[in-house]
Amino acid sequence: MIENILEALAKNNINKYIVSSMEEETLELYLIKKKVDMSRKKHVNLYSVNVLRDFDEEGVEYTGNSEVAVYDTMSDDELNDAIKDAYFSAGFVKNKRYAVPKGVKREKVIKKSSLSEKSMKEIILKIKDALYKYDNFEKGLINSAEIFLTRIDKRIVSSSGTDVSYRLYKTQGEFITQWVDKNDVETYNSFSYEDLNEEELSLLVKEGITNTGYRDEAEEAPDTGKYNVILTDNNVIEFFKYYFVKADTSMIYQKYSDFKLGDKVQGEDIKGDKLNITLKASTPFSDDGIELKEREMLKDGVLKNIAGSFKFAQYLGLEPIGEYDGGYVRGGNIQVKDLFLDGKLEILRFSDFQMDALTGDFAGEIRLALLKKGDKVIKLTGGSLAANIKDVQNNITLSKEMQNFGAFTVPKAIKLRDVEISGK
């Protein structure tokens with residue numbers, strides 16, 4: 001199909017473009033408790049054509065673009081009309097002139113993963129077994145679960161000479177943990193892996209069921225006041241997304257971010273752990289065909305690289321290094337259990353925890369928290385957290401233990417100091 005698309009582009013004298021094809025095969029399992037309720041297999045082919053058009057207007061040079069989805073069921077005339085319409089539409093988009101990323105040619109990259117070591121059917125059953133390994137509590141269980149295993153084959157071709165392709169596997173899913181005792185409580189959980197660590201997934205479930213049991217016991221909200229707060233699980237990723245978003249080319253060019261290379265973006269006077277962050281991607285190439293290498297983003301809190309849209313990178317006078325969908329945040333030297341000391345509030349579940357990267361504000365309503373008081377651990381629910389990252393970033397403590405979610409590897413827990421909690 002890509003050859004047909006290239007012929008249609010040439011027929012219409014279009015010499016600036018990025019074309020991609022993606023074949024995606026997915027196995028899906030839907031479970032009620034431990035029983036498979038339904039299984040499904042999907043196989044789709046997707047094609048995308050990004051047509052770019054250079055033009056001048058009143059002495060100003062512009063590059064417009066229009067992206068169109070095409071299908072292998074299209075006739076030659078339908079394909080030709082779709083591309084012609086995209087080129088016409090691109091003439092109404094007035095962006096400053098920019099070039100297609102320089103050409104790259106590589107042999108097909110097969111991304112190594114334990115998810116590819118056996119047939120997809122065998123692997124998805126291994127994921128199911130890992131998910132239910134510790135589902136043996138008297139009052140707690142997995143109420144329901146959904147598991148997805150996907151193989152992706154993608155090829156990217158551009159007018160600058162790029163011709164790259166890759167194959168990768170990924171798994172993701174969600175499960176509802178339930179605890180029936182004083183109440184009937186349910187908690188939502190999710191996972192996403194590029195490489196299957198069965199024990200990590202099993203322990204995630206065990207922790208999820210245990211926390212749902214804690215939620216059943218929790219009745220009161222914490223007292224209003226300032227606490228040293230511990231964030232865990234996906235909340236840690238949401239917290240660190242501030243740096244990834246602020247160090248994006250489009251955010252910087254459009255003045256939504258004031259980050260600059262060499263800036264001490266963690267602050268001047270760092271009392272806690274210094275942040276060291278590496279850019280990582282789930283794919284070996286961006287959708288524009290740029291090779292995505294691991295790159296240092298923050299070193300000891302100092303900005304070393306800016307990633308993002310190749311268009312905005314060119315506007316900023318930077319080398320386009322591509323758009324990344326993940327990263328590695330180096331851990332600290334303290335175990336999670338040693339973070340949770342007297343007077344510390346560990347927030348295990350929010351109803352919704354969000355980081356506003358524009359302002360640095362982060363907040364969430366507390367669904368479950370643990371407060372250490374002497375030898376006692378008090379289970380709490382209710383109240384909310386609200387703070388700004390600029391007030392806490394210079395005194396963060398990172399856990400030694402790490403966790404994986406998609407293309408992110410981050411500390412299992414982080415401790416923030418003097419965070420305002422609104423409670424009872």
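Structure: see above.
What counts as what
- Residues numbered from 1 in each chain as written.
- Predicted model: local features only at pLDDT ≥ 70, side-chain atom pairs only at ≥ 80, totals over all residues.
- Heavy atoms only, no water.
- Helix = DSSP H or I, 4+ residues; strand = E, 2+ residues; numbered from the N terminus.
- Rg over C-alpha atoms; globule rule 2.2 N^0.38 Å.
- Buried < 20%, exposed > 50% of the residue type's maximum accessible area, 1.4 Å probe, protein only.
- Areas by Shrake-Rupley, 256 points an atom, 1.4 Å probe, with all protein chains shown as cover.
- Lys, Arg positive; Asp, Glu negative; His and termini not counted.
- Charge placed at Lys NZ, Arg CZ, Asp CG, Glu CD.
- Pairing = 2+ DSSP bridges.
- Expected span 1.5 Å × (residues − 1).
- Axes fitted to C-alpha atoms, helices over the stretch in contact; angles between N-to-C directions.
- Parallel < 35°, antiparallel > 145°, perpendicular 65-115°, else oblique.
- Left-handed = near helix turned anticlockwise from the far one by under 90°.
- Contact = heavy atoms within 4.5 Å.

Attention now moves to the overall build of the chain. Helix and strand counts for the chain stand at nine helices and 21 strands. Expected size for 424 residues packed as a compact globule is a radius of gyration near 22 Å; at 24 Å, the chain falls within 12% of this value. Its C-alpha atoms give the chain principal-axis dimensions of about 75 × 55 × 35 Å. Taken over 424 residues, the chain has a buried fraction of 50%. A total of about 20600 Å² of accessible surface is found on the chain, and carbon and sulfur atoms cover 45% of it. For the chain, the distance from the average site of its 62 positive side-chain charges to the average site of its 72 negative ones is 4 Å.

Okay, the pairing of strand β9 (residues 225-232) next. Of all eight residues making up β9, six are buried, and the element is well covered by its neighbours. Summarising the sheet, β9 and strand β21 (residues 413-422) pair through seven bridges and their orientation is antiparallel. Residue pairing for β21: Thr232 is matched across the bridge by Ala413. Relative to strand β14 (residues 344-356), β9 runs parallel, the two sharing four bridges. Its bridge partner being in β14, Val229 is matched across the sheet by Leu345.

Compared with an ideal rise of 1.5 Å per residue, which puts 13 residues at 18 Å, helix α5 (residues 234-246) spans 19 Å between its outermost C-alpha atoms and is within 8% of the ideal. Every buried residue belonging to α5 is among Asn235, Val236, Ile237, Phe239, Phe240, Tyr242, Tyr243, Phe244 and Lys246, and all of these are buried.

Here we come to the packing of helix α1 (residues 2-11) against helix α2 (residues 76-90). Between α1 and α2, whose axes approach to 9 Å, the crossing angle comes to 55 degrees. The angle between the axes of α1 and α2 places the two elements in the oblique class. Between α1 and α2 lies a crossing whose hand is right-handed. Contact with α1, carried on its side by Asn4, Ile5, Ala8, Leu9 and Lys11, involves Leu79, Asn80 and Ile83 of α2 and no other residues of that element.

Glancing now at unusual backbone geometry. Even without a glycine there, the phi angle at Asp233 is positive, about 55 degrees. Inspection of the secondary structure puts Asp233 in the loop between β9 and α5. Judged by its relative accessible area of 10%, Asp233 falls in the buried class. Unlike most non-glycine residues, Asp418 shows phi in positive territory, near 55 degrees.

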